[in-house]
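# A look at the structure
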Amino acid sequence: MNKTHVIIEAILAVAIIALFALFFSGKKSNTKPALVTADGQKAAASIAYVRMDSLMSQYEYYKAVTEKLEKEAEGHRVQLAGRANALQKAAEDFERRMRTNAFISAEAQQKEQNRLMQMQQSGQRLEAELTQKFATQQQLMLEDIQKTIREQMAEYNKEHGYALILTTAGLDNILYGEPALDITDDVIKYLNERFKKESTSIPEVPATETPATEKK
């Protein structure tokens, strides 16, 4: 299921992007210490950044979403594999009966051939339905993660008073940042504490129904 795993990687890469360019207008706390830049100058710590790779690997809600998506993908794989195996066995039986002239009439042979075609088409429809279900689920999870982070970062910033919080992944968005501006560990701690306290639920989607052609 390489296609499914590519989809999973996409959600993992995009889900935390909501942290990028979050603008907060809260007043800077009087108790916030000034940072010292590389040239020895003091500056107000009104801008900060979060290392996205670290956040992705340590945020418990993010890891819970990842685990759920992986289980969902595995469930789809098993379901499709079952359909494929059933179709393969039916096709092999059809070929055996053809070789041994086991069909009592041309009509019986055509009827069985039509049944195999219906099984194949039904499997293709199921794959499309599962793909759509997975896409819907990952979209719901992405939106929920974005919403959760925005809300919790807004609460976080009430006590920290940053004017701007950025994210960085490798050389993306930020080419250089003073270590004093790195609030990654503090943000991860804050988000995980909120996750444990609030028991954030993961969005669900309706179960995929069996195609009508497969119902006896």
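Residues numbered from 1 in each chain as written. Predicted model: local features only at pLDDT ≥ 70, side-chain atom pairs only at ≥ 80, totals over all residues. Heavy atoms only, no water.

### Observations regarding the packing of aromatic side chains
Centre-to-centre distance and the angle between the planes together describe a pair of aromatic rings. What counts is decided by this rule: We call Phe, Tyr and Trp rings a pair once their centres come within 6.5 Å, taking the six-membered ring for Trp, and we label the pair stacked below 30 degrees between planes, edge-to-face above 60, and tilted otherwise. A simple rule labels every residue: compare its accessible area, found with a 1.4 Å probe on the protein chains alone, to the largest value its type can have, and call it buried under 20%, exposed over 50%, or partly exposed in between.
Inspection of every chain in the model, using the stated rule, returns 4 aromatic pairs. Between Tyr59 and Tyr61, the aromatic rings sit 6.1 Å apart at their centres with planes inclined by 70°, giving edge-to-face as the arrangement. For the residue pair Tyr59 and Tyr61, the accessibility class agrees, reading buried in each case. The structure contains a cluster of three or more aromatic residues connected by ring pairs, namely Tyr59, Tyr61 and Phe195.

### Some thoughts on the environment of Ile174
Filter applied, for reference: Secondary structure counts use DSSP, requiring at least four H or I residues in a row for a helix and at least two E residues in a row for a strand, with both numbered from the N terminus. Any two residues whose heavy atoms approach within 4.5 Å at even a single point are treated as in contact.
Along the chain, Ile174 turns up in the loop between strand 5 (164-168) and helix 5 (184-198). Expressed as a C-alpha distance, the spacing of Ile174 and Tyr49, which sit 125 residues apart in the sequence, is 8.5 Å. Apart from residues no more than four positions distant in its own chain, Ile174 is found in contact with Tyr49, Leu166, Thr167 and Thr168.

### Some words on the nonpolar core
It is characteristic of soluble globular proteins that their nonpolar side chains tend to be buried jointly. We count it as follows: In these notes, a set of buried Ala, Val, Leu, Ile, Met, Phe, Trp, Tyr and Cys residues joined through side-chain atoms within 4.5 Å is what counts as a nonpolar core.
Membership of the largest hydrophobic core comes to 25 residues, with the highest contact counts inside it found for Tyr59, Tyr156, Ile183 and Val187. Examining the composition of this core, we find that 6 residues originate from one element, helix 4 (residues 106-160), more than from any other. With residues up to four places along the chain from it excluded, the contact list for Tyr59 reads Thr148, Ile149, Gln152, Leu191 and Asn192. If you look at the next biggest cluster of nonpolar residues, it comprises 5 residues, including Ala90, Phe103, Leu116 and Met119.

### Section: the pattern of salt bridges
Cut-off, in case you're wondering: One speaks of a salt bridge when a side-chain nitrogen belonging to Lys or Arg is within 4 Å of a carboxyl oxygen belonging to Asp or Glu.
Scanning all chains against the criterion turns up 11 salt bridges. Notably, a salt bridge pairs Lys71 with Glu67, separated by 3.3 Å at the nearest N-O pair. On the criterion of helical spacing, the pair formed by Lys71 and Glu67 is a turn pair, its members being 4 residues apart in helix 3 (residues 60-99). Using a relative accessible area of 57% as the deciding quantity, one classes Lys71 as exposed.

### Here's the deal with the confidence of the model for the protein
For clarity, the threshold we go by: pLDDT is a per-residue confidence score from the predictor, ranging from 0 to 100.
With 69% of its residues at a pLDDT of at least 70, the protein reaches an overall mean of 77. Here residues 10-33 is a poorly scored stretch, pLDDT under 50, and it has 57 contacts once near neighbours within four places are set aside; other chains count. Within the model, the stretch residues 210-216 combines pLDDT values under 50 with 12 contacts to residues more than four positions away or in other chains.

### Quick look at helix 5
Stated formally: To estimate the expected span of a helix, subtract one from its residue number and multiply by 1.5 Å.
Its 15 residues place the ends of helix 5 21 Å apart at the C-alpha level, agreeing with the 21 Å of an ideal helix rising 1.5 Å per residue. Among all positions in helix 5, only Thr184, Val187, Ile188, Tyr190, Leu191, Asn192, Arg194 and Phe195 are buried. Looking at the packing, one finds that the buried side of helix 5 touches strand 4 (47-51), helix 2 (52-58), helix 3 and helix 4.

### Re the pairing of strand 5
Heads up, the rule is: Two strands make a pair as long as DSSP finds a minimum of two bridges between them.
Of all 5 residues that make up strand 5, 4 are buried, and the element is covered over most of its length. For strand 4 and strand 5, the ladder comprises 5 bridges, and the chain directions are parallel. Note on strand 5: the bridge partner recorded for Val50 is Thr167.

### Remarks on the packing of helix 3 against helix 4
Under the convention used in this document: Lines fitted to C-alpha atoms define the axes here, with helix axes fitted over just the stretch in contact, and angles between the N-to-C directions of these axes take values from 0 to 180 degrees. Any angle between 65 and 115 degrees counts as roughly perpendicular, while under 35 counts as roughly parallel, over 145 as roughly antiparallel, and the rest as oblique. When residue character is reported, Ala, Val, Leu, Ile, Met, Phe, Trp, Tyr, Cys and Pro are called nonpolar, Asp, Glu, Lys and Arg charged, and the others, Gly included, polar.
As a packed pair, helix 3 and helix 4 sit with axes 10 Å apart at the nearest point and diverge in direction by 175°. Judged by the angle between their axes, helix 3 and helix 4 are roughly antiparallel. Within the contact of helix 3 with helix 4, the residues separate by chemical class into 19 nonpolar, 10 polar and 9 charged.

### Observations concerning the packing of helix 4 against helix 5
Rules: It is the rotation of the near helix from the far one that decides the hand of a crossing: anticlockwise by less than a right angle makes it left-handed, clockwise makes it right-handed.
Taken N-terminus to C-terminus, the directions of helix 4 and helix 5 make an angle of 125°; their axes are 11 Å apart at the nearest point. Considered as vectors, helix 4 and helix 5 are oriented oblique to each other. Seen from above, helix 4 lies across helix 5 with right-handed handedness. Contact residues: Gln152, Met153, Glu155, Tyr156 and His160 in helix 4; Asp186, Val187, Tyr190, Leu191, Arg194 and Glu198 in helix 5. Each residue belonging to the contact of helix 4 with helix 5 can be placed in one class, and the counts come to 5 nonpolar, 2 polar and 4 charged.

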